[in-house]
Amino acid sequence: MAHPLSANPKTFVQILRWTLLIIPVAVIVGSLNAFFLWILSLATETRIDNAWLIYLLPLAGIVIVYCYRNLGKNSEGGNNLIMDEIHEPGAGIPTRMGPLVLITTVITHLFGGSAGREGTAVQIGGATTHWLARVFKLNEADTRLILIAGVAAGFGAVFGTPLTGAIFALEVLAIGRLRYDAIIPALFAAILADVVCSAWGAHHTHYRIDFLETITLFEHAIKVDIVMIAKIVLAAIAFGLAGYLFGELTHVFKDIFKATLKNPYLIVVVGGLIVIGAVQLIGNYDYIGLGVYSSREGGVSILSAFTEGGAEWYSWLLKLLLTAITLAAGYKGGEVTPLFFVGATLGNTMAWLLGAPVDLFAALGFLAVFAAATNTPLACTIMGIELFGADHMLYFAIACYTAYYFSGHTGIYSSQRVAVPKLFDLDGAPTITHKLGELRDTHSSLLKTVVKKYTR
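Quick caveat: nothing in here was measured; it's all calculated off a predicted structure. (Residues numbered from 1 in each chain as written. Predicted model: local features only at pLDDT ≥ 70, side-chain atom pairs only at ≥ 80, totals over all residues. Heavy atoms only, no water.)

Enquirer: I tried to follow the overall build of the chain on my own but got confused; where do I start?
Expert: A tally of regular secondary structure across the chain gives 17 helices and 4 strands. Based on the C-alpha atoms only, the size of the chain along its principal axes is roughly 70 × 65 × 50 Å. Taking all 456 residues of the chain together, the buried fraction comes to 56%. In the chain, once contacts between residues fewer than 6 apart in sequence are set aside, the share between residues at least 24 apart is 74%. About 19700 Å² of surface is accessible on the chain, with carbon and sulfur atoms providing 65% of the total. Within the chain, the 30 negative side-chain charges are centred at a point lying 11 Å from the centre of the 29 positive side-chain charges. (Helix = DSSP H or I, 4+ residues; strand = E, 2+ residues; numbered from the N terminus. Buried < 20%, exposed > 50% of the residue type's maximum accessible area, 1.4 Å probe, protein only. Contact = heavy atoms within 4.5 Å. Areas by Shrake-Rupley, 256 points an atom, 1.4 Å probe, with all protein chains shown as cover. Lys, Arg positive; Asp, Glu negative; His and termini not counted. Charge placed at Lys NZ, Arg CZ, Asp CG, Glu CD.)

Enquirer: Could you clarify how one ought to interpret empty space enclosed by the protein in this entry?
Expert: Taking a probe equal in size to a water molecule and rolling it over the atoms shows the remaining empty space. Overall, the coordinates contain 2 cavities of 30 Å³ or more when judged by the stated rule. By volume, the largest cavity is sized at about 100 Å³. Elements with a contribution of two residues or more to the lining of the largest cavity: α6 (140-159), α12 (336-354) and α14 (377-388). Partitioning the lining of the largest cavity into residue classes produces 9 nonpolar, 3 polar and 1 charged. Of the voids in this model, the second largest cavity is the one considered here, and its volume is about 90 Å³. The wall of the second largest cavity is formed by Asn79, Ile82, Met83, Ile86, Glu118, Val122, Val151, Phe168, Ala169, Val172, Leu173 and Tyr413. Contributions of two or more residues to the lining of the second largest cavity are made by α3 (78-87), α5 (118-135) and α7 (162-171). In terms of residue count, α3 provides more of the lining of the second largest cavity than any other element does, 4 residues in total. Considered class by class, the residues forming the lining of the second largest cavity number 10 nonpolar, 1 polar and 1 charged. (1 Å grid on protein atoms, 1.4 Å probe; cavity = no way out; pocket = protein on both sides within 12 Å on 5 of 7 lines; lining within 4 Å. Points joined across faces, edges and corners; volume = space filled by probe spheres on them. Nonpolar A, V, L, I, M, F, W, Y, C, P; charged D, E, K, R; others polar.)

Enquirer: Help me out: how do you make sense of the pattern of salt bridges in this one?
Expert: Tallied over the full model, the rule gives 8 salt bridges. Among the ionic pairs, Arg417 bridges to Glu88, the shortest N-O distance being 3.5 Å. Of this pair, Arg417 sits in strand β4 (residues 417-418) while Glu88 is found in the loop between α3 and α4 (97-110), placing the two residues 329 residues apart along the sequence. (Salt bridge = Lys/Arg side-chain N within 4 Å of Asp/Glu carboxyl O.)

Enquirer: Help me understand the confidence of the model for the chain, please; the structure alone is not making it clear to me.
Expert: When pLDDT is low, close inspection of the predicted coordinates is not appropriate. The pLDDT averaged across the chain works out to 89; a share of 90% of its residues lies at or above 70. Element-level pLDDT for the chain is lowest in helix α17 (residues 446-454), with a mean of 56, against a maximum mean of 97 in helix α13 (residues 358-374). (pLDDT = per-residue confidence, 0-100.)

Enquirer: Sorry if this is basic, but what is going on with helix α10 (residues 264-282) here?
Expert: An α-helix turns once per 3.6 residues; consequently, residues spaced three or four apart project the same way. Here α10 spans 27 Å end to end across 19 residues, near enough to the 27 Å set by a 1.5 Å rise per residue. Every buried residue belonging to α10 is among Ile267, Val268, Gly271, Gly272, Val275, Ile276 and Val279, and all of these are buried. Structurally, α10 contributes buried residues whose contacts are with α2 (57-71), α9 (226-260) and α11 (315-329). At the N-terminal end of α10, a side-chain oxygen is found 2.8 Å from the backbone nitrogen of Tyr265, two or three residues along, and the residue is Asn263. Positive phi appears at Gly283, one or two residues downstream of α10, with a value of about 90°. (Expected span 1.5 Å × (residues − 1). Polar contact = N/O pair within 3.5 Å; in protein donor to acceptor, adjacent residues only side chain to side chain.)

Enquirer: Even after reading the chapter, I still don't get the side chain of Thr323, so can you show me in this structure?
Expert: Structurally, the position occupied by Thr323 is in helix α11. For Thr323, a relative accessible area of 0% corresponds to the buried category. Sequence-distant contacts of Thr323, that is, excluding residues within four places in its chain, are made with Ser114, Phe246 and Pro338.

Enquirer: Help me out: how do you make sense of the side chain of Thr161 in this one?
Expert: Inspection of the secondary structure assignment puts Thr161 in the loop between α6 and α7. Those residues in contact with Thr161 that sit more than four places away from it in its chain are Phe155, Gly156, Met383, Glu386 and Leu387.

Given below as structure tokens:
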């Protein structure tokens, strides 16, 4: 039997064509993300050295709102706009989205907002590739593929995880379904963008798990520890609920702000004041900014969560609340790095409660809360391998998929579709494709029901 490619030499032409299309995508997105990481690091260092800058957060918020209302066109849609354009082309993605989100994210971090960086990287990738699609005069089908490649390039470059970036771009679009038609452009774009970003000297955080185990049963070595798996499942349920809580609270705070304050300038000022007040009550600056490194000796951070006593039992909740308020009020940035913080510190606490290895459970929380909030368990399992190595791959998968199921039909991306409903949905899974944002309106959560009742 002849090989299927022998009858279709056009396939090789298409691969060559996409290679040539992806090179400028990866070079531009990788370079922009390298610049973004550099200026974000500079902004973080400046804020740490000048703690008084946090008192200007409400004024910074006014600038951000003004920029989006007067210069942003439809850029306010952010990641959801990119998802909608991939699913249903037509609305368009303004080229200005890239530089606008870059500048406003840096402003948010400079003045003490609690936010991440993934959203910025993805929007840079989406805006860049949509512009290139117009330059190359691509049709709708090709525009969709190159947009997915742009998401992969942005995510892969900003975290230094190219394979995760490629899988994330395919998995995040719809719950329960992967579209492999874009896998070659996405993988190539993510790998090359990461190479370009690293070549510019961009720094990525290195993590490690020191825990190693040798398990025997009936005097024979086995690969898994059943008791450990039971502990991981219990912890993963907590991780899934934390991911659910993050997504729901972010949406609920938005609803409360819109129902009570209404004016976006007033909303961002009040949100900034709440963050300032919370920081004063907490008494330190551990829970603002990215949170990868601590700004003080003995402070709580993602890295400290990998050591025993490196987080308080409530650390995850403080970071979750501050990030949800920051983003709901209108400040810019991503959710993923704060989710890493929430997960790692919650994992630290769960390890203490369950008598488990701290570094392993911090890593599991790091991955699983992200998986729960974004509904991307496969990408997060792959991320575990890229960041921590493959020794605990099975544990990564168990934690990510368990958390994914226990987060329900919710998430941080309102335009994410439900292609295949999750199992164990006791209230009845939807039978047709919905956006998560539409499901929030038709299948109100307890939090949303309470907000509706008291904000009428």
